Amino acid sequence: MYYTLHERLKKTEPDHKSDLENVLTLSPAQWEEQKVSLRFPSYAGLENTIIRSCKAEIYPRYISGSLCIPDRKRLLETPLCFTFYINESCIVFVSEDSVPDCVIETMIHRYESQDMSPELFLYGFFSEFLTDDMELLESYERKLFLLEENAMRGNIHDLMPRLLKNRRELTRLRNYYEQIDDMAGQLQGNVRNYFDPERLQLLQLIGDRACRLQQVAQQSIDYCQTLRDFEQAQSDHKQNKTMQLMTVLTSVFFPLTVITGWYGMNFSHMPELDARFGYPLIIAISLGVIAVEFWILKKRKII
């Protein structure tokens with residue numbers, strides 16, 4: 001598709017020409033066919049054979065960039081990726097799907113009453129991929145608050161897997177915002193003088209917005225670590241209680257083990273073996289020993 005930025009952002013015919021104010025969306029095959037006619041060098045695009053992040057790189061005759069946008073509903077799955085190229089005459093988006101066109105169509109309605117410029121166009125285009133992200137991060141905060149409440153009630157059996165999942169998703173978002181911030185900084189540098197210096201603050205707004213989102217995401221990641229430490233402390237406390245119980249039981253029944261070993265020797269001249277009340281007497285002594293030990297432990301608040 002072909003768009004013009006002259007006065008208003010609008011769709012136009014492919015043969016329409018207007019220096020510095022053209023926007024195109026092309027498939028990879030169309031890009032290879034048309035990039036030379038669009039005043040890009042023949043080697044443009046080789047730097048984006050593999051897209052792994054959001055970035056902007058400055059070259060002698062053009063600016064090359066890529067967007068790697070995570071799916072907000074499935075953050076850990078394959079992100080949406082496409083590339084863009086900027087020179088003195090046009091902005092080109094190269095994608096295998098219609099996402100850039102959908103975004104531009106939304107911008108046409110949003111900015112229908114405003115004079116368009118390359119700087120405002122890039123601001124609006126990149127802003128579309130940060131829309132509602134603050135609400136998304138707030139939803140993660142609510143999830144973490146709920147996990148904390150459950151942990152305070154002692155429900156920590158599934159806390160760790162859920163924390164790790166939330167942490168991985170938040171890390172993906174944080175890295176995405178960091179990359180957008182870096183990309184906006186590269187464009188704001190205006191090394192090739194493709195943009196109006198008086199309007200560069202629009203590109204700065206993108207970086208500032210991404211930076212704020214990055215900080216909120218990092219706070220949630222830190223909160224995940226706090227909850228993880230709490231879960232570990234709870235687990236350690238539970239284990240310590242178990243070990244304390246085992247120690248108490250071992251201490252309580254140790255005298256009985258001595259008595260059992262003593263009378264298990266069965267020597268011929270042990271008078272208790274022939275005593276009429278020897279068996280009940282030993283039982284009474286054993287119970288008395290256990291009672292005294294429990295009383296001592298209770299008094300010292302060990303149990």
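Since we're looking at a predicted model, the values are computed, not measured.

Criteria and cut-off values
- Residues numbered from 1 in each chain as written.
- Predicted model: local features only at pLDDT ≥ 70, side-chain atom pairs only at ≥ 80, totals over all residues.
- Heavy atoms only, no water.
- Helix = DSSP H or I, 4+ residues; strand = E, 2+ residues; numbered from the N terminus.
- Rg over C-alpha atoms; globule rule 2.2 N^0.38 Å.
- Contact = heavy atoms within 4.5 Å.
- Lys, Arg positive; Asp, Glu negative; His and termini not counted.
- Charge placed at Lys NZ, Arg CZ, Asp CG, Glu CD.
- Phe/Tyr/Trp six-rings, centres within 6.5 Å; stacked < 30°, edge-to-face > 60°.
- Lys NZ or Arg CZ within 6 Å of the ring centre and 35° of its normal.
- Pairing = 2+ DSSP bridges.
- Axes fitted to C-alpha atoms, helices over the stretch in contact; angles between N-to-C directions.
- Salt bridge = Lys/Arg side-chain N within 4 Å of Asp/Glu carboxyl O.
- Buried < 20%, exposed > 50% of the residue type's maximum accessible area, 1.4 Å probe, protein only.
- Left-handed = near helix turned anticlockwise from the far one by under 90°.
- Nonpolar A, V, L, I, M, F, W, Y, C, P; charged D, E, K, R; others polar.

Peer 1: It is not clear to me how the overall build of the protein should be interpreted in this structure. Could you clarify?
Peer 2: Each helix and strand counted, the protein has seven helices and seven strands in total. Reading the protein from its N end, one meets helices and strands in the order β-β-β-α-β-β-β-β-α-α-α-α-α-α. The globule rule puts the C-alpha radius of gyration for 303 residues at 19 Å, and the 36 Å found for the protein is more than 25% above it. Oriented by its inertia axes, the alpha-carbon framework of the protein measures out at about 120 × 35 × 30 Å. Taking all contacts inside the protein whose residues are at least 6 apart in sequence as the whole, residues at least 24 apart take part in 62%. Across the protein, the mean location of the 34 positive side-chain charges is 9 Å away from that of the 42 negative side-chain charges.

Peer 1: Looking at this structure, how should I read the packing of aromatic side chains?
Peer 2: Each aromatic ring pair is characterised by the separation of its centres together with the angle its planes make. Tallied over the full model, the rule gives 19 aromatic pairs. Arranged with centres 6.4 Å apart and planes meeting at 50 degrees, the rings of Y43 and Y62 form a pair that is tilted. Of this pair, Y43 sits in the loop between α1 (28-34) and β4 (55-59) while Y62 is found in strand β5 (residues 62-69), placing the two residues 19 residues apart along the sequence. An aromatic cluster of at least three residues, connected via ring pairs, comprises F82, F84, F93, F121, F125, F126 and F129. Over the ring of Y140 we find K143, and its NZ or CZ is 4.6 Å from the ring centre.

Peer 1: Before we go on, may I ask you to explain the sheet that holds strand β7 (residues 90-94) in this structure?
Peer 2: Within a sheet, neighbouring strands are paired by backbone hydrogen bonds and run either parallel or antiparallel to one another. In spatial order, the strands read β2-β1-β3-β7-β6-β5-β4; together these seven strands make up an open sheet with mixed pairing. Across the chains shown, the open sheet's two edge strands, defined by having one partner strand only, are β2 (10-11) and β4. Bridge count for strand β1 (residues 2-4) against strand β3 (residues 22-26) is three bridges, and the pairing is antiparallel. Its bridge partner being in β3, Y2 is matched across the sheet by L24. Contacts from helix α3 (residues 118-127) reach β3, β5, β6 (80-86) and β7, with the element oriented near 20 degrees to β7.

Peer 1: Where do I start with the pattern of salt bridges in this structure?
Peer 2: Close approach of charged atoms allows side chains with opposite charge to pair. A full pass over the atoms with the stated rule returns 11 salt bridges. Across the pair R74 and D71 runs a salt bridge, and its minimum N-O distance is 3.0 Å. We classify R74 as partly exposed; its relative accessible area is 43%. Residues joined by salt bridges that share partners form a network here, namely D71, R74 and E77.

Peer 1: Help me understand the environment of V92, please; the structure alone is not making it clear to me.
Peer 2: Positionally, V92 belongs in strand β7. Expressed as a C-alpha distance, the spacing of V92 and I50, which sit 42 residues apart in the sequence, is 18 Å. Dropping the residues within four chain positions of it, V92 is found in contact with L24, L26, W31, L38, F40, T83, F84 and Y85.

Peer 1: Please clarify how the packing of helix α2 (residues 99-110) against α3 should be interpreted in this entry.
Peer 2: Helix packing for two helices is described by the angle between their axes and how far apart those axes are. Running from amino to carboxyl end, α2 crosses α3 at an angle of 115 degrees, the nearest separation of the two axes being 10 Å. The two elements α2 and α3 cross, and the hand of that crossing is right-handed. The residues of α3 that touch α2, namely those facing P100, V103, I104 and M107, are F121, G124 and F125. Of the residues in the contact of α2 with α3, the class split is six nonpolar, one polar and no charged.

Peer 1: Please clarify how the pairing of β6 should be interpreted in this entry.
Peer 2: Remember that side chains alternate between the two faces of the sheet whenever the strand is regular. Within β6, five of the seven residues are buried, which leaves the element mostly enclosed by the surrounding structure. Where β5 and β6 come together, seven bridges link them in antiparallel fashion. Counterpart to L67 in the pairing with β6 is F82. Hairpin connection between β6 and β7: a loop of three residues separates the two successive antiparallel strands.

Peer 1: Even after reading the chapter, I still don't get unusual backbone geometry, so can you show me in this structure?
Peer 2: Among all residues except glycine, the phi angle is most often negative; among peptide bonds, the trans geometry is most common. The backbone phi angle of R39 is positive, close to 75 degrees, even though this residue is not glycine. In this structure, R39 sits in the loop between α1 and β4. On the basis of relative accessible area, R39 is assigned to the partly exposed category, the value being 42%. One non-glycine residue with positive phi stands out, namely D132, at about 65 degrees. Relative to the helices and strands, D132 is located in the loop between α3 and α4 (133-152).

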